[in-house]
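Listed here are the chains, written in short residue letters.
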Amino acid sequence: MPNPYWKVRPYVLTGGRARTRRHLLVHTLVSVPHYDAVFASGLLPEPRSLYEHARWTRSVAELSAACGMSLGVTRVVVDDLAATDRLRVHGDSSASPFDYRLLERLRDGLRQLA
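Residues numbered from 1 in each chain as written. Predicted model: local features only at pLDDT ≥ 70, side-chain atom pairs only at ≥ 80, totals over all residues. Heavy atoms only, no water.

You'll find the protein entered in an unreviewed UniProt entry as DUF742 domain-containing protein, with Micromonospora mangrovi given as the organism.

Student: Account for the overall build of the protein, naming residues and giving values.
Tutor: Counting its secondary structure elements, the protein contains six helices and three strands. Of all 114 residues assigned to the protein, the portion counted as buried reaches 27%. Within the protein, residue pairs in contact and separated by at least 24 positions form 70% of the contacts whose partners lie at least 6 positions apart. Approximately 8100 Å² of the protein is accessible, and the part contributed by carbon and sulfur atoms is 57%. (Helix = DSSP H or I, 4+ residues; strand = E, 2+ residues; numbered from the N terminus. Buried < 20%, exposed > 50% of the residue type's maximum accessible area, 1.4 Å probe, protein only. Contact = heavy atoms within 4.5 Å. Areas by Shrake-Rupley, 256 points an atom, 1.4 Å probe, with all protein chains shown as cover.)

Student: Account for the packing of helix H3 (residues 45-53) against helix H4 (residues 60-67), with residues named and values stated.
Tutor: Relative to each other, H3 and H4 sit at 125°, their axes nearing to 10 Å. The pairing of H3 with H4 is recorded here as oblique in orientation. Judged by the sense of rotation from one axis to the other, the crossing of H3 with H4 is right-handed. Every residue of H4 that contacts H3 at Ser49, Leu50 and His53 is listed here: Leu63, Ala66 and Cys67. Along the lines of polarity and charge, the residues of the contact of H3 with H4 split into four nonpolar, two polar and no charged. (Axes fitted to C-alpha atoms, helices over the stretch in contact; angles between N-to-C directions. Parallel < 35°, antiparallel > 145°, perpendicular 65-115°, else oblique. Left-handed = near helix turned anticlockwise from the far one by under 90°. Nonpolar A, V, L, I, M, F, W, Y, C, P; charged D, E, K, R; others polar.)

Student: Describe in detail the side chain of Asp79, supporting the description with residues and values.
Tutor: As for its placement among the helices and strands, Asp79 is situated in helix H5 (residues 71-83). Aside from chain neighbours lying at most four places away, what touches Asp79 is Thr20, Arg21, Arg22 and Leu24.

Student: Describe unusual backbone geometry, listing the residues and the values that go with them.
Tutor: One can expect most non-glycine residues to show negative phi and most peptide bonds to be in trans. Although it is not a glycine, Asp85 adopts a positive phi angle of roughly 65°. Examined against the element boundaries, Asp85 turns out to sit in the loop between H5 and strand E3 (88-89). Take Asp85: its relative accessible area is 65%, and that puts it in the exposed class.

Student: How would you explain the pattern of salt bridges if you had to name every residue and give the values?
Tutor: Applying the stated criterion across every chain yields a total of six salt bridges. Here Asp80 ties to Arg21 by a salt bridge, and the two come within 3.3 Å at their closest N and O atoms. Highlighted residues: Asp80 in helix H5 and Arg21 in the loop between helix H1 (8-14) and strand E1 (29-31), separated in sequence by 59 residues. Its relative accessible area of 24% is what places Asp80 among the partly exposed residues. With a closest N to O distance of 3.8 Å, Glu52 and Arg55 form a salt bridge. Counted as one network, the salt bridges with shared partners bring together Arg21, Arg22, Asp79 and Asp80. (Salt bridge = Lys/Arg side-chain N within 4 Å of Asp/Glu carboxyl O.)

Student: Kindly report on the packing of aromatic side chains, identifying the contributing residues and their values.
Tutor: Applying the stated rule across the entire model yields two aromatic pairs. Centroid distance Tyr35 to Tyr51: 5.4 Å. Interplanar angle 25°. Geometry classified as stacked. Of this pair, Tyr35 sits in the loop between E1 and helix H2 (37-41) while Tyr51 is found in helix H3, placing the two residues 16 residues apart along the sequence. Overall, the relative accessible area of 31% leaves Tyr35 in the partly exposed class. What makes Tyr51 buried here is its relative accessible area of 0%. Ring geometry for Phe39 against Tyr51: centres 5.2 Å apart, planes inclined by 75°, an arrangement best described as edge-to-face. (Phe/Tyr/Trp six-rings, centres within 6.5 Å; stacked < 30°, edge-to-face > 60°.)

See the structure below:
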């Protein structure tokens, strides 16, 4: 028999929130700097699973898939755990390491050869 309250659980986990304090993209990396088994035992099952899986550096999308939670709920739970300094959110790697001026000069040079 299907559970009639399946939509209630994500609401309870996030406290009704859908937004996070920090910008968490699907490729944002997360890890546990110092695992604490006592802290983990006091968490609800879903945050505990997320905390356990984050013992190894993983992206938000990987944590979402591994824990079977929606991406939105995962983001909120990750943000909550990061606010308590239990999870480390690694710097955004979306900034390009390339010099755009060099790439533009390369593009312009290739256009001249064509």
